[in-house]
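Structure at a glance
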Amino acid sequence: MGTLIVIEGVDGAGKNTLARRLVSAWERDDLEVTRIGFPRYDSSVHADLAAEALRGEHGDTAQSVHAMALLFALDRKYAAPDLRKALSHNDIVLLDRYVASNAAYTAARLEQSADGEAVEWIRALEFERFGVPVPDVQILLDVPVDLAAERAASREADDASRTRDAYERDGSLQSRTSAVYGGLAAAEWGSSWEVVGPDVDPDRLAADIFNQPSDGGKVTT
Ligand SMILES: Nc1ncnc2c1ncn2[C@@H]1O[C@H](COP(=O)(O)OP(=O)(O)OP(=O)(O)O)[C@@H](O)[C@H]1O
Ligand SMILES: Cc1cn([C@H]2C[C@H](O)[C@@H](COP(=O)(O)O)O2)c(=O)[nH]c1=O
């Protein structure tokens with residue numbers, strides 16, 4: 001059975017970039033790795049509806065914190081069989097965003113903290129009711145929100161297909177989300193967390209997170 005590793009962080013933190021570098025490091029060590037990004041745009045109707053809502057379509061859907069969270073959660077519910085299959089065929093399944101994204105953004109939108117009702121609602125909905133796999137370790141890429149916002153803005157300037165959505169343009173939401181993430185990591189929400197900064201060395205992180213072969217491929221933090 002493979003190890004389920006998740007990268008979390010605010011928009012523009014550099015999750016996608018870090019994920020690619022971790023995969024390269026693990027593949028150099030001959031590990032079998034699969035990378036999946038949530039939301040699963042273009043392969044999940046729920047993910048596509050959520051993206052469209054965040055760009056102003058579907059009436060007042062985006063205004064409803066809970067409707068948005070349900071769309072993101074349904075994307076994962078229908079991905080769960082593929083996640084289990086991927087875990088049975090790989091040493092590592094690396095996810096770019098997962099359940100903690102829903103917990104952090106939902107709580108932040110409702111101005112709650114990591115120990116509030118929204119986070120508990122997401123935990124019960126996704127892990128208990130939908131039965132999505134629980135991660136072995138969650139990495140929080142903890143980047144100052146101003147730096148993350150600059151990166152998201154410059155990515156938008158370079159690539160017209162990456163225009164910022166409603167969440168990405170809301171600096172206050174990004175700050176609150178960052179704070180909730182900090183609380184989730186401190187509470188080891190769901191599983192163990194590793195908090196890393198913007199200057200993390202991906203090769204060292206890859207080695208730290210997946211110690212092999214001495215511990216049989218189990219995760220350490
Ligand atoms: N370590 C880094 N140093 C400099 N620039 C970086 C670094 N990591 C990422 N970037 C740049 O910042 C921008 C955002 O990075 P990336 O797409 O990896 O972030 P993300 O967290 O996956 O964003 P989102 O959640 O919004 O999809 C990209 O233009 C990327 O090239
Ligand atoms: C998976 C997931 C995402 N979100 C939020 C986070 C982002 O602001 C947007 C879109 O994600 P992307 O990484 O920028 O493509 O949605 C969320 O609130 N809940 C989730 O489960």
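Residues numbered from 1 in each chain as written. Chains lettered and ligands numbered in written order. Predicted model: local features only at pLDDT ≥ 70, side-chain atom pairs only at ≥ 80, totals over all residues. Heavy atoms only, no water.

**Considerations on empty space enclosed by the protein**
Going through the model one piece at a time under the given rule, you end up with one cavity of 30 Å³ or more. Approximately 30 Å³ is the volume attributed to the largest cavity. Residue lining of the largest cavity: Gly9, Val10, Leu140, Leu141, Asp142, Val143, Ser178 and Tyr181, and that is the complete set. Counting residues per element, the ones that place at least two in the lining of the largest cavity are β4 (137–141) and α7 (171–186). Class assignment of the residues belonging to the lining of the largest cavity gives a composition of five nonpolar, two polar and one charged. (1 Å grid on protein atoms, 1.4 Å probe; cavity = no way out; pocket = protein on both sides within 12 Å on 5 of 7 lines; lining within 4 Å. Points joined across faces, edges and corners; volume = space filled by probe spheres on them. Helix = DSSP H or I, 4+ residues; strand = E, 2+ residues; numbered from the N terminus. Nonpolar A, V, L, I, M, F, W, Y, C, P; charged D, E, K, R; others polar.)

**Concerning the side chain of Arg40**
Along the chain, Arg40 turns up in the loop between β2 (33–37) and α2 (45–54). Its relative accessible area of 14% is what places Arg40 among the buried residues. If we ignore the near neighbours within four places in the chain, the residues touching Arg40 are Ala47, Asp75, Tyr78 and Ala79. (Buried < 20%, exposed > 50% of the residue type's maximum accessible area, 1.4 Å probe, protein only. Contact = heavy atoms within 4.5 Å.)

**Quick notes on the pairing of β4**
Taken across its five residues, β4 has five buried, putting it largely inside the fold. Side chains Val137, Ile139 and Leu141 project from β4 onto one buried face, and the interleaved Gln138 and Leu140 project onto a second face that is buried too. Strand direction decides the pairing type here: strand β1 (residues 3–8) and β4, joined by four bridges, are parallel. Pairing of Glu8 across the sheet is with Leu140, part of β4. (Pairing = 2+ DSSP bridges.)

**What about the packing of helix α3 (residues 65–89) against helix α5 (residues 117–129)?**
It is at 10 Å that the axes of α3 and α5 come closest, and there the two elements cross at 30 degrees. Overall, the two elements α3 and α5 adopt an arrangement that is roughly parallel. The crossing of α3 and α5 is right-handed. Residues His66, Ala69, Leu70, Ala73 and Arg76 of α3 pack against Trp121, Ile122, Leu125 and Glu126 of α5. Residue classes in the contact of α3 with α5 are distributed as six nonpolar, one polar and two charged. (Axes fitted to C-alpha atoms, helices over the stretch in contact; angles between N-to-C directions. Parallel < 35°, antiparallel > 145°, perpendicular 65-115°, else oblique. Left-handed = near helix turned anticlockwise from the far one by under 90°.)

**Describing the sheet that holds strand β3 (residues 92–96)**
By way of backbone hydrogen bonds, the strands of a sheet pair with one another, either parallel or antiparallel. Pairing in this open sheet of five strands is parallel, and the strands run β2-β3-β1-β4-β5 from one edge to the other. Taken across any chain shown, the strands that pair with only one partner, and hence form the sheet edges, are β2 and β5 (192–196). Each neighbouring strand pair of the sheet contributes to a mean axis angle of 20 degrees, computed without reference to strand direction. Across five bridges, β4 lies against β5 in parallel orientation. Looking at the pairing, Ile139 lines up with Glu194 of β5. Taken strand by strand, helix α8 (residues 202–209) contacts β1, β4 and β5, and its axis lies near 160 degrees from that of β4.

**Quick look at the layout of surface pockets**
Volume-wise, the largest pocket comes out at about 910 Å³. Every residue lining the largest pocket is counted, 42 residues in all, and those nearest its centre are Asp11, Tyr41, Arg97, Arg162 and Glu168. Elements supplying a minimum of two residues to the lining of the largest pocket: α1 (15–28), β2, α2, α3, α4 (99–109) and α6 (145–158). With six residues, α3 is the largest single contributor of residues to the lining of the largest pocket. Here the lining of the largest pocket is built from residues that sort into 15 nonpolar, 11 polar and 16 charged.

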